Amino acid sequence: MLELRELVKYYRAGEGEPVRAVDGVTLQIAAGELVVLYGPSGSGKTTLVKMIAALLRPDSGSVIVNGREISALSEQDASSYRLYELGYVAQAFNLRAGGNVSENAASKLWLTKDVRRAERMVVPLLERLGLGERLDSRPSQLSMGERQRVTIARALSVDPKLVVADEPTGSLDTQRGREVLELLRELCRERQLAVLLATHDPKAAAFADRALELRDGRLRAYEPERANPSAGSSDPGTWR
């Protein structure tokens, strides 16, 4: 479903040598598989996610989705890919201030469905995300965690076959974070989605079929003890 081939993206800072934010990443994710990509801030996770979402072009290598090369799409084709084929959960919520929860969650469906029908279609998903009693609320009336869940519902509303999420539990408390990860895992199985979840939270790896680590732009096996030295602590702490 998703294949990355020797993907490279570098940035040049001043007169110095270019920094490879993503350095030769090769990865395959099959339909029905959830892969967690762990990495601390600055590891290259967001750069990698944006290339999969056709928001950044790699300097070399390929991003292949369902057999199609998407790393060199035109602006128009890239926009269509994000709208109809990709469930993209970005760190920025990008919710319409004047729209309520149902309207924001259904906004990707408006181009192909009647507005009211689109809003009805997203209600079961919003209910599964714990937002069933907030359908008429505006973003300003929501907590950060609730806004995060609206963006997840919007990403999943078009029934995509590929879901890419950048820190989807970053604004959630422990319980809601676990619920969202459980839902993503369930939908991955039910709908045979390919899911890539980028996070700096080591606990998310427990919900994955595979857990990998991106560090200094390079992909390698995830090692919980190295990534989270305090993992053995008895303090339950918070989700993050």
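Residues numbered from 1 in each chain as written. Predicted model: local features only at pLDDT ≥ 70, side-chain atom pairs only at ≥ 80, totals over all residues. Heavy atoms only, no water.

Let us look at the sheet that holds strand β4 (residues 60-65). The sheet built from four strands is open, its strands ordered β2-β1-β4-β5 with antiparallel pairing. Looking at strand neighbours, the two that pair on one side only are β2 (19-29) and β5 (68-69), the edges of this open sheet. By the bridge criterion, two bridges tie β4 to β5 in an arrangement that is antiparallel. Residue pairing for β5: V65 is matched across the bridge by R68. (Pairing = 2+ DSSP bridges. Helix = DSSP H or I, 4+ residues; strand = E, 2+ residues; numbered from the N terminus.)

This paragraph deals with the pattern of salt bridges. For the structure shown, the criterion picks out 14 salt bridges. Across the pair R134 and E146 runs a salt bridge whose closest N-O atoms are separated by 3.3 Å. On the criterion of sequence distance, the pair formed by R134 in the loop between α4 (115-128) and α5 (144-156) and E146 in helix α5 is long-range, its members being 12 residues apart. Residue classification places R134 among the partly exposed residues on the basis of a relative accessible area of 25%. Taking the shortest distance from any N to any O, the salt bridge between R191 and D159 comes out at 3.6 Å. Here R191 is found in helix α6 (residues 174-191), whereas its partner D159 is found in the loop between α5 and β7 (162-166), with 32 residues between them in sequence. What you see here is one network of salt bridges that share partners, running through R20, D23 and R218. (Salt bridge = Lys/Arg side-chain N within 4 Å of Asp/Glu carboxyl O. Buried < 20%, exposed > 50% of the residue type's maximum accessible area, 1.4 Å probe, protein only.)

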